[in-house]
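As a plain string of letters, each chain reads:
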Amino acid sequence: FAPAGIQRVAIDDGRIRTVVAFDSGGLGGAELSPDQRQLAFIRLRDGVTQLVVSDTSGGNVRVLVNGAANPLWSPNGQYIAYQTTDSDIRAVEVATKTTHRLIPPERTPCPLRAPNCTGHFATPVQWRSDARAIRYFERRATPDGLALELHEVDLAGRPRLVVRTNVPGNPSFITGNDTLFLVQQAGASNGTAKSIQSVNSRTGAARVIYTGVTRFQEKVASNGPWIFTVAESGGDETPLLHQPLLVSLSTGEAKKYPYTLGGEVSHGYFLPDGRNLLLIACVTCRDPRYVEKWDLILTPMNGDPPRILTGSESSFKDFWPVGVTSDGRTAFFTAEQSYNTRVVTFALPK
């Protein structure tokens, strides 16, 4: 947690302008509401982490619960799921502040990259598309090895096993999709995957859709037919070379861009128009003499050259995506600059 504020970056001149002094105590994870009118975020106040909701202008700030992390809006905007400090998962009704206990900490939570852990994943969690239940993953020891299970629990606390599969690896949800999820087969120790498989959440049947060294991504899929990931080459002896990659969910076709960014790509996700990606990348990190500078890059999916949106004088260390408005014109981020975490608003080009 670090001193926090809301800022807006104008694309025409790249200048960073402060919108409102947000909070001086510290800011954690944040997420934009489905109607793009509210922000949910975690702030530190007097040593207590609070789940807070405000307007996107920073006004009408109200605390919903204490001791929270990883907020996640329901699709209808009525609830926010969150993780407690004990790895319990709950949901709070935004209008009434009524809380529902969904997943008790019965077993040790599994970190995403701990392949031999048995227990539940405190994250990632996904709301079912009808907003009546949340879904989460567990690993269980079976005679055939570790099984990956997809569970869901409704707001009354009633659990249900959705599907079990013996596919090992790190799971992630496909945004807005109740039928498929992805499993990334563990690769090297530096956080790369050797393959990506899609798993049918009704039958447990798995299909390899891409084989090759890729970077782990927190949100690797959009609502459409493409998965975004990053192909990786290089290593200890040669500089890293990251290349944006689209993989078709239906055919497994891999579409690489005709250019490379170099350095590292920390995040990438689709704009609502389905024709552009936003990449968060350090294009200077390839050279051993680099100066660490993270930029927001608009990347057309048709292969046109990318466009750096961040102003030349900005010196953000990293970005973390929060949400994009449905018109694709404004994106929200938390970003670290000079050890200060801020929520940043970018006005995107048409």
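Keep in mind it's a predicted model, so treat the numbers as computed, not measured.

A. Summary view of the side chain of Thr-299. You can see Thr-299 is positioned in strand β24 (residues 295–300). On the basis of relative accessible area, Thr-299 is assigned to the buried category, the value being 0%.

B. Layout of the pairing of strand β7 (residues 68–73). Pairing between β7 and strand β8 (residues 79–84): 4 bridges, direction antiparallel. Opposite Trp-73, over in β8, you have Ile-80 as the bridge partner.

C. Molecular detail of the sheet that holds β7. Taken in spatial order, the 4 strands of this open sheet run β7-β8-β9-β10, and their pairing is antiparallel. Where the open sheet ends on each side, the last strands, each with one partner, are β7 and β10 (99–103). Averaged over all pairs of adjacent strands, the angle between their axes in this sheet comes to 30 degrees, without regard to strand direction.

D. A look at the packing of aromatic side chains. Taken as a whole and assessed by the stated rule, the structure comprises 3 aromatic pairs. The rings of Phe-137, Phe-173 and Phe-181 are connected pair by pair, giving a single aromatic cluster.

E. Molecular detail of the nonpolar core. Counting residues in hydrophobic clusters, the biggest one holds 17 residues, and the most contacted among them are Leu-278, Leu-296, Ala-331, Phe-333, Phe-346 and Leu-348. Those elements that provide at least two residues to this core are β23 (276–282), β24, β26 (316–324), β27 (330–337) and β28 (340–347). Tallying contributions element by element places β23 first for this core, with 3 residues. Residues Cys-117, Phe-121, Leu-148 and Val-163 belong to the second largest nonpolar core, which totals 13 residues.

F. Focus on the environment of Asp-295. Counting through the fold element by element, Asp-295 comes out in strand β24. Its relative accessible area of 4% is what places Asp-295 among the buried residues. For Asp-295 and Leu-309, which are 14 residues apart along the polypeptide, the C-alpha to C-alpha distance reads 7.3 Å. Asp-295 has contacts with Leu-279, Ile-280, Ala-281, Val-283, Ile-308, Thr-310 and Phe-319, leaving out every residue within four places of it along the chain.

Cut-offs applied
- Residues numbered from 1 in each chain as written.
- Predicted model: local features only at pLDDT ≥ 70, side-chain atom pairs only at ≥ 80, totals over all residues.
- Heavy atoms only, no water.
- Helix = DSSP H or I, 4+ residues; strand = E, 2+ residues; numbered from the N terminus.
- Buried < 20%, exposed > 50% of the residue type's maximum accessible area, 1.4 Å probe, protein only.
- Pairing = 2+ DSSP bridges.
- Axes fitted to C-alpha atoms, helices over the stretch in contact; angles between N-to-C directions.
- Phe/Tyr/Trp six-rings, centres within 6.5 Å; stacked < 30°, edge-to-face > 60°.
- Core = buried A, V, L, I, M, F, W, Y, C linked by side-chain atoms within 4.5 Å.
- Contact = heavy atoms within 4.5 Å.

Geometry only, nothing functional implied.
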